[in-house]
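# Tertiary structure, described
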Amino acid sequence: MKTSEKRLLFIMLGIALLGGLVVGSGKYFDKRDELRTGQRQLSSEWDEIQALFTQRETWEMRSNWLEANQPKFTSPEKAAGEIFQEAQASEVEGVEATKQVFVDPEETPHYIQTGVSLSAKGELPNVMRWIYDLSRPEDFRIVRNLKIVPDKETPENVIATFELLRWYAPTNQ
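Computed from a prediction, not measured in an experiment: that's the story for all the values here.

### Concerning a nonpolar patch on the surface
Judged by side-chain polarity, Met1, Leu9, Phe10 and Leu13 come together as a nonpolar surface patch covering roughly 480 Å² of accessible area. Topologically, phenylalanine 10 is positioned in helix 1 (residues 3-54).

### Digging into the sheet that holds strand 4 (residues 157-168)
Spatially, four strands are ordered 1-2-4-3 in an open sheet, and the strand pairing comes out antiparallel. Of all the strands in the sheet, the pair left with one neighbour each is strand 1 (95-107) and strand 3 (141-150). Between one strand axis and the next, the sheet turns through 15 degrees on average, direction left out of account. Here strand 3 runs beside strand 4; their pairing, made up of eight bridges, is antiparallel. Bridging across to strand 4, proline 150 finds its partner in valine 158. With respect to the sheet, helix 3 (residues 76-86) is in contact with strand 1, strand 2 (112-123), strand 3 and strand 4, its orientation differing from that of strand 4 by roughly 145 degrees. Packing against the sheet, helix 4 (residues 124-134) makes contact with strand 1, strand 2, strand 3 and strand 4, and its axis sits at approximately 165 degrees to strand 2.

### Points about the pairing of strand 4
Among the 12 residues that make up strand 4, nine are buried, leaving the element largely enclosed by the rest of the structure. Relative to strand 4, strand 2 runs antiparallel, the two sharing 12 bridges. Following the sheet pairing, leucine 118 is matched in strand 4 by phenylalanine 162. Between strand 3 and the antiparallel strand that follows it, strand 4, lie six residues.

Thresholds, definitions, all that
- Residues numbered from 1 in each chain as written.
- Predicted model: local features only at pLDDT ≥ 70, side-chain atom pairs only at ≥ 80, totals over all residues.
- Heavy atoms only, no water.
- Patch = residues over 30% accessible without salt bridge, like charges linked within 9 Å, V, L, I, M, F, W, Y side chains within 5 Å.
- Areas by Shrake-Rupley, 256 points an atom, 1.4 Å probe, with all protein chains shown as cover.
- Salt bridge = Lys/Arg side-chain N within 4 Å of Asp/Glu carboxyl O.
- Helix = DSSP H or I, 4+ residues; strand = E, 2+ residues; numbered from the N terminus.
- Pairing = 2+ DSSP bridges.
- Axes fitted to C-alpha atoms, helices over the stretch in contact; angles between N-to-C directions.
- Contact = heavy atoms within 4.5 Å.
- Buried < 20%, exposed > 50% of the residue type's maximum accessible area, 1.4 Å probe, protein only.

This is how it looks when you write it as structure tokens:
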């Protein structure tokens, strides 16, 4: 081999080696960045797991309270009867509940929801006190879609339209 051919061979090998280094280093840095991102994600997940583990007793206590206090769902008919009875405003002076319509049950992994859509008429403080009494957390009842408008016939009264819902424990518990 001539000297010029040897020189050309070394130049070509140098260029190939340099090209290989450029391509290889690009792949190396991409893989390194991917691994660092994965490491940060795992570190973040580990921190979250540790935080949840420190809160374990609190969540177990809450779960035990739910199991002990949340009413069990038996049947749609019984639940409808209970919610209709709870929606009666007869024990609250000055509040008249009307237009009760059963809301179709809705089942989620955490609760079964039943309820009624109703209207109540009376003086604002009495209606609000009654709604407040209906929606105590320990009874697993909630008020949804509350709308309060003045009564056109009796200006000192209001008409409250809302859904009174109750959350029952799911049947798989």
